[in-house]
Amino acid sequence: MATLHTVNKSPFATQALLSCLGHAKAGDTILMIEDGVYGAASGTGLSDALAAMSGNVTLAVLAPDMKARGIDEGRLMDGVKTVDYAGFVELAATTDRTQNWL
Amino acid sequence: MKFGVVVSEGPYTHQASDTAYHFVTAAIAAGHEVPRVFFYHDGVNVGTRLSIPPQDERNIQQQWTALAAEHGTDLVICIAAAQRRGLLDQKEADRQGKDASNIAEGFRISGLGQLIEMGIDTDRLMTFGD
Amino acid sequence: MEDGVKKFLYVNRKAPYGTIYALESLEVVLIGAAFDQDVSLAFLDDGVFQLVKSQDTKEIGVKNFSPTFRALGDYEVTKLFVERESLDERGLTADDLQEIMWEDEDEDYAEKPSIRIVSRAEMADVMADQDVILSF
């Protein structure tokens, strides 16, 4: 019974990603969309904390939003999956509920 | 799978409506159903027919209107949120004594019950907002 | 899930008055009450501020909607989960929050508190148990 969480804000702007990570359960997926994709980048002041908190969840990022913001796939944290809108839909369909962290 | 979608921010200022639109088109393309999209908070402003975005930018309202025309998606604007923000159909304008209405083709104004029903009748509910 | 009854969770993470989300989410809860679903409200992060007592909005000229929370019991909305860590982080205790009660008709209309203070881990369990999660 897994949840798809979406986070649409940069973790440098709001606490949404951290709060989401604090509530996600093992086996959940957290999909970063819109400005939330900045949370997926490696080498930031938050990368270590995010990696430590996300041990038992899957992190994913919406590729169109990443490309829009000039983030190269090579700059993502290890283990972050990229999906397109079709992949976003699939994640929503294959998990049991969606929770959007606004 | 049946998806219910909520758009809770207005056009252009937030990416919410755009992300919702791309999600909905992808869901339909994958063979899922999106029977209704509910517009709440500033999302009601997506439904104005008076917006004139620059020619080289997408026209958010027209995208939704075209999607509804093609797929029969029910675009519902919350009446309470719409009244606060001045989004009216002709019936509301007449009822409230306003001298104009501004709702776009394909959208309709209705109550919050439509949002709850959407939650009950769909398999997954997605909210796109701030 | 019982026949036709889904678990609805309304998630509140924003403070009142600076934006309209707190008020308009409460409006959804009130309308939603008529649909006889299994409703819970979650207050975490800045959402806990919505329940603080003694809100006096006269000088900002907006309507004080906080009394509406006290009416939720009459609408059979009796589960208001408030996150302890969010209170602690903000220097709040249960004493800072409104008293919101409901009447249990199964126990001779005994008055019980609707606010249930839960840990972050318990809140995560509440969330994972829902069918429909509405965020504002």
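Details of the structure are given in the entry above.
Residues numbered from 1 in each chain as written. Chains lettered and ligands numbered in written order. Predicted model: local features only at pLDDT ≥ 70, side-chain atom pairs only at ≥ 80, totals over all residues.

### Some details on the overall build of chain C
- Helix and strand counts for chain C come out as four helices and seven strands.
- Reading the helices (α) and strands (β) of chain C from amino to carboxyl end gives β-α-β-α-β-α-β-β-β-α-β.
- For 136 residues, the compact-globule estimate of 2.2 N^0.38 gives 14 Å, and the C-alpha radius of gyration of chain C, at 15 Å, lies within 12% of that figure.
- Here the C-alpha coordinates of chain C stretch approximately 45 × 30 × 25 Å along the principal axes. (Helix = DSSP H or I, 4+ residues; strand = E, 2+ residues; numbered from the N terminus. Rg over C-alpha atoms; globule rule 2.2 N^0.38 Å.)

### Points about the interface of chain B and chain A
- Taken together, the 16 residues of chain B in the interface contact 11 residues of chain A.
- Among the secondary structure elements, those contributing two or more residues to the side of chain B that touches chain A are α1 (16–29) and β5 (124–128) of chain B.
- With five residues, α1(B) is the single largest residue contributor to the side of chain B that touches chain A.
- In the side of chain B that touches chain A, the residues fall into eight nonpolar, six polar and two charged. (Contact = placed C-beta atoms within 7 Å. Nonpolar A, V, L, I, M, F, W, Y, C, P; charged D, E, K, R; others polar.)

### Thoughts on the interface of chain A and chain C
- Facing 12 residues of chain A, the contacting portion of chain C comprises 10 residues.
- When contributions to the side of chain A that touches chain C are tallied by element, the ones reaching two or more residues are α1 (16–23) and β5 (97–101) of chain A.
- Element by element, the count of residues in the side of chain A that touches chain C is highest for β5(A), at four residues.
- A class-by-class count of the residues in the side of chain A that touches chain C yields three nonpolar, seven polar and two charged.

### Let's talk about the sheet that holds β5(B)
Residues and elements named next belong to chain B.
- Strand order in this open sheet of five strands is β4-β3-β2-β1-β5, and the pairing throughout is parallel. Looking at the sheet topology across the chains shown, the edges are occupied by β4 (107–110) and β5. The mean inter-strand angle of the sheet, taken between neighbouring strand axes irrespective of direction, is 25°.
- The pairing of strand β3 (residues 74–78) with β4 spans four bridges and is classified as parallel. Counterpart to I77 in the pairing with β4 is I109.
- Set on the sheet, helix α5 (residues 113–121) makes contact with β1 (2–7), β2 (33–39), β3, β4 and β5; between it and β2 the angle comes to about 150°. (Pairing = 2+ DSSP bridges. Axes fitted to C-alpha atoms, helices over the stretch in contact; angles between N-to-C directions.)

### Quick notes on the sheet that holds strand β3 (residues 80–83) of chain C
Residue and element names in this part refer to chain C.
- Sheet architecture is open: five strands sit in the order β6-β3-β2-β1-β7, paired in parallel fashion. For this open sheet the edge positions go to β6 (115–118) and β7 (132–135), each flanked by a neighbour on one side alone. Neighbouring strand axes in the sheet, compared pairwise and without regard to direction, differ in orientation by 25° on average.
- Here strand β1 (residues 7–12) runs beside strand β2 (residues 38–43); their pairing, made up of six bridges, is parallel. Residue pairing for β2: N12 is matched across the bridge by F43.

### Digging into the pairing of strand β4 (residues 101–104) of chain C
Residue and element names in this part refer to chain C.
- Relative to strand β5 (residues 110–113), β4 runs antiparallel, the two sharing four bridges. Following the sheet pairing, D104 is matched in β5 by A110.
- Hairpin remark: β4 followed by β5, antiparallel, with five residues in the connecting loop; positive phi at D108, about 60°.

### Comments concerning helix α2 (residues 60–71) of chain B
- For α2(B), with 12 residues, the first-to-last C-alpha span of 17 Å sits near the 16 Å given by 1.5 Å per residue.
- In the stretch just after α2(B), G72(B) is the one whose phi turns positive, near 75°. (Expected span 1.5 Å × (residues − 1).)

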